[in-house]
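Below are the chains, spelled out letter by letter.
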Amino acid sequence: MPRRSTNPCLLSFAGFATTAVVLYCTVSTIFSPPPVVDVPSSHPVFISSSSYFRDHHDREAPDATFYDDASVSYAFDRPVTDWDAKRREWLRLHPNFGGNGRETVVMVTGSQPGPCRNREGDHLLLRLFKNKVDYCRRHGIDLFYNTALLHPAMRSQWAKLPAIRAAMLAHPEAEWVWWVDSDAVFTDMDFELPLHRYRDHNLVVHGWPHLVYDARSWVSLNSGVFLIRNCQWSLDFMKVWAVMSPLSPDFDRWGQVLAAELKDKLFNVSDDQSALVYLLLKHRDQWGDKVFLESDYDLEAYWVAIVDRLENMTAKYAEVERRVDGLRRRHAEVVSRGYGRLREEQLATEEGAVSGPNGWHLPFMTHFTGCQPCNGAHNKMYTWKSCWEGMQRALHFADDQVLRDYGFRHSDLLSGDVHPLPFAGPSTA
């Protein structure tokens, strides 16, 4: 059952302004290439952990599909029409990839083409990538990690849209494409997306309706993590969204429009998050009914509110595991999702096991807004030490949830050293 999170945006508009600066510093450099790097671009990485692949991955139907149509292009600025019918026909010809009644998801994430300027940056990106690989392996989700700019004009935070669009065409078997910023960490490795909640929606974003429509705040939602359905509606929506991107000859003007419309936006650059809020404000009747603003769980949580509470969460979970038969039993990683569901059922009965600053439920994802692990140009609100230690703590915390199935855990959340778990189970370690 999704858990209710406390709204972290209950701030004064002065607080919104500070948050706005932090968020802009985050989204503006995810795909910005280093200014003085002359190296070839790395190749994208695709990892499959889907249970439905089995031995069918190399079998292609002899019938023609949209892949044989020269008019269908992966390029973001080349429209695709009648996509739902094209995808439906492909699935008819490839029934083994239909998901067996389960809505399939492909995760898309990535980083800039060249090496990081921050000396720890490439190491951190590797560990952040490992965190996503671990989650996807445990949940049967395919992962596409992109390091290429798929449209030369779509840099920085806008680079996600061409990658998502290309993933939709490359994965007609996937019902959902899940964008995850590189600096977001899965901190609840057992939590499963409640896709049944979104059956009538095509875009799922962490956000709060009253902050979008009443407060008109650019931080009323976060575009760093979202789900978008693989359908024609989504292709059309991204095309309209990109009207405010660098593809537009009016890009500079759009920055001024967004700054005027959104009360707490302090800079006049058109970014994807502000543009999304603007679309919902100005065209709610056209798009709003298909957009789900999710606040019942932490689709992405602000790291400053999380990292110092992780040990307390661990202690609370250990207490639950000591009381509930079966939760501490050793098991194969392949069945870990079943144990996760059993734990969630128990947590639903526990007082205080909710998300947010007053609860002790694990946040699904912790987002290191403003830390800029690759270029090191962190927001001045933080020190690099606080960002570095926060990421160490979150990554080790998540890794412990994986390592318990391999018989180990970290000595503490700031240490890379591990020690074996006793037979009695991790909660006594």
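The structure we're discussing is the one just above.
Here is a short report on the structure shown in this document.

Scoring rules and cut-offs
- Throughout this description, residue numbers start from 1 for each chain and increase along the sequence as written.
- Two thresholds apply to this predicted model, a pLDDT of at least 70 for residue-level local features and 80 or more for giving and counting side-chain atom pairs, whereas whole-chain, interface and lining totals are computed over all residues.
- To get the side-chain values, all heavy atoms of the structure are used, and hydrogens and water are removed first.
- By definition, any uninterrupted DSSP run of H or I lasting at least four residues is a helix, any uninterrupted run of E lasting at least two residues is a strand, and each is numbered from the N terminus.
- Exposure is judged per residue with a 1.4 Å probe applied to protein chains only, and the accessible area is read against the type maximum: over 50% gives exposed, under 20% gives buried, and values in between give partly exposed.
- A pair of strands counts as paired when DSSP detects no fewer than two bridges linking them.
- The arc under discussion is defined with respect to the helix axis, by the directions toward the C-beta atoms.
- Any pair of residues with heavy atoms lying within 4.5 Å of one another is described as a contacting pair.
- Any pair of nitrogen or oxygen atoms within 3.5 Å is treated as a polar contact; in protein, a donor-acceptor pairing is required on top of that, and neighbouring residues in sequence qualify only through side-chain atoms on both sides.
- Whenever a pair of cysteine sulfur atoms sits within 2.5 Å, that pair is classed as a disulfide.
- A pair of Phe, Tyr and Trp rings is counted when the ring centres sit within 6.5 Å of each other, with Trp represented by its six-membered ring. The angle between the planes then sorts it: under 30 degrees is stacked, over 60 is edge-to-face, the rest tilted.
- Between the N-to-C directions of two axes lies an angle of 0 to 180 degrees, each axis being a line fitted to C-alpha atoms and, for a helix, fitted only over the stretch in contact.
- Here a crossing is called left-handed whenever its near helix is offset anticlockwise from the far helix by less than a right angle, and right-handed whenever the offset is clockwise.
- The residue classification treats Ala, Val, Leu, Ile, Met, Phe, Trp, Tyr, Cys and Pro as nonpolar and Asp, Glu, Lys and Arg as charged. All others, Gly included, are polar.

## Focus: unusual backbone geometry
Here Ser156, not a glycine, exhibits a phi torsion of approximately 55°, which is positive. Inspection of the secondary structure puts Ser156 in the loop between strand S3 (142-146) and helix H4 (160-170). Owing to a relative accessible area of 12%, Ser156 belongs among the buried residues under this scheme. At Gln372, a residue that is not glycine, the phi angle is positive and equals roughly 50°. Among the secondary structure elements, Gln372 is positioned in the loop between strand S10 (365-367) and helix H12 (384-403).

## Some thoughts on the sheet that holds strand S5 (residues 184-186)
The strand order S5-S10-S9 describes an open sheet built from three strands, whose pairing is mixed. Two strands lie at the open edges of the sheet, namely S5 and strand S9 (301-302), each paired on one side alone.

## A short note on the pairing of strand S4 (residues 176-180)
Extensive coverage of S4 is indicated by the burial of five of its five residues. Note that S4 and strand S7 (residues 221-229) share five bridges and pair antiparallel. Bridge pairing in S7 links Val177 to Ile228.

## Structural notes on helix H7 (residues 251-261)
For H7, the complete set of buried residues consists of Trp254, Gly255, Val257 and Leu258. On an axial view of H7, the arc spanned by its buried residues comes to 165°, and they lie on one face. Away from its buried face, by an angle of more than 90 degrees, H7 presents the exposed residues Asp252, Gln256 and Ala260. Where H7 is buried, its residues touch helix H8 (272-282).

## A few points about the pairing of strand S6 (residues 203-207)
Summarising burial for S6: five of the five residues are buried, a large majority. Side chains Leu203, Val205 and Gly207 of S6 all project onto a buried face; the interleaved residues Val204 and His206 project onto the opposite face, where all are buried too. Bridging between S6 and S7 involves five bridges; their strand directions are antiparallel. Bridge pairing links Val205 to Phe226 in S7. Two strands pair when backbone bridges link them, and S6 and strand S8 (residues 291-294) are joined in this way by four bridges, in the parallel orientation. Bridged to Leu203 within S8 is Val291.

## As for the environment of Gln112
Tracing the backbone through its elements, the reader meets Gln112 in the loop between strand S2 (105-110) and helix H3 (121-139). Judged by relative accessible area, which is 7%, Gln112 ranks as buried. Residues Gln112 and Ala148 lie 36 residues apart in sequence; the distance between their C-alpha atoms is 7.0 Å. Engagement of the side chain of Gln112 in a polar contact is seen with the backbone oxygen of Pro115, the distance being 3.2 Å.

## A word on the state of the cysteines
One pass over the full model with this rule turns up two disulfides. Bridging Cys116 to Cys374, the disulfide has an S-S length of 2.1 Å. Disulfide Cys116 to Cys374: torsion about the S-S bond roughly -105°, handedness left-handed. Highlighted residues: Cys116 in the loop between S2 and H3 and Cys374 in the loop between S10 and H12, separated in sequence by 258 residues. On the basis of relative accessible area, Cys116 is assigned to the buried category, the value being 12%. Each disulfide pairs two cysteine sulfurs, and for Cys371 the partner residue is Cys387, the sulfurs being separated by 2.2 Å. With the S-S bond torsion at -85°, the cross-link from Cys371 to Cys387 turns out left-handed. Here Cys371, found in the loop between S10 and H12, pairs with Cys387, found in helix H12; they are 16 residues apart in sequence, far enough to count as distant. Each of the two residues, Cys371 as well as Cys387, counts as buried. Within the chain, bonded cysteines paired by disulfides and numbered along the sequence follow the pattern 1-3, 2-4.

## So, the packing of aromatic side chains
What the rule picks out here adds up to 25 aromatic pairs. When the centroid spacing of 6.4 Å and the interplanar angle of 75° are considered together, the rings of Trp176 and Tyr198 count as edge-to-face. Of this pair, Trp176 sits in strand S4 while Tyr198 sits in the loop between S5 and S6, placing them 22 residues apart in sequence. Residue classification places Tyr198 among the buried positions, given a relative accessible area of 0%. When the ring of Trp254 is compared with that of Tyr278, the centres are 5.5 Å apart and the planes differ by 75°; the resulting orientation is edge-to-face. One end of the pair, Trp254, is in helix H7; the other, Tyr278, is in helix H8, with 24 residues separating them in the sequence. Residue Tyr278 is classed as buried on the basis of its relative accessible area of 12%. Each residue in the set Tyr135, Trp178, Phe186, Phe191, Tyr297 and Phe364 is aromatic and connected to the rest through ring pairs, giving one cluster.

## A short note on helix H6 (residues 232-241)
The element H6 is extensively covered by neighbouring structure, given that seven of its ten residues are classed as buried. Within the sequence span of H6, burial applies to Gln232, Trp233, Ser234, Leu235, Phe237, Met238 and Trp241.

## Some points on the packing of H7 against H8
Axis separation between H7 and H8 bottoms out at 10 Å; the angle between their running directions is 65°. The handedness of the crossing between H7 and H8 is left-handed. For the pair H7 and H8, the contacting residues are Trp254, Val257, Leu258 and Glu261 in the first and Ser274, Ala275, Tyr278 and Lys282 in the second. Class assignment of the residues belonging to the contact of H7 with H8 gives a composition of five nonpolar, one polar and two charged.

Structural measurements only, silent on function.
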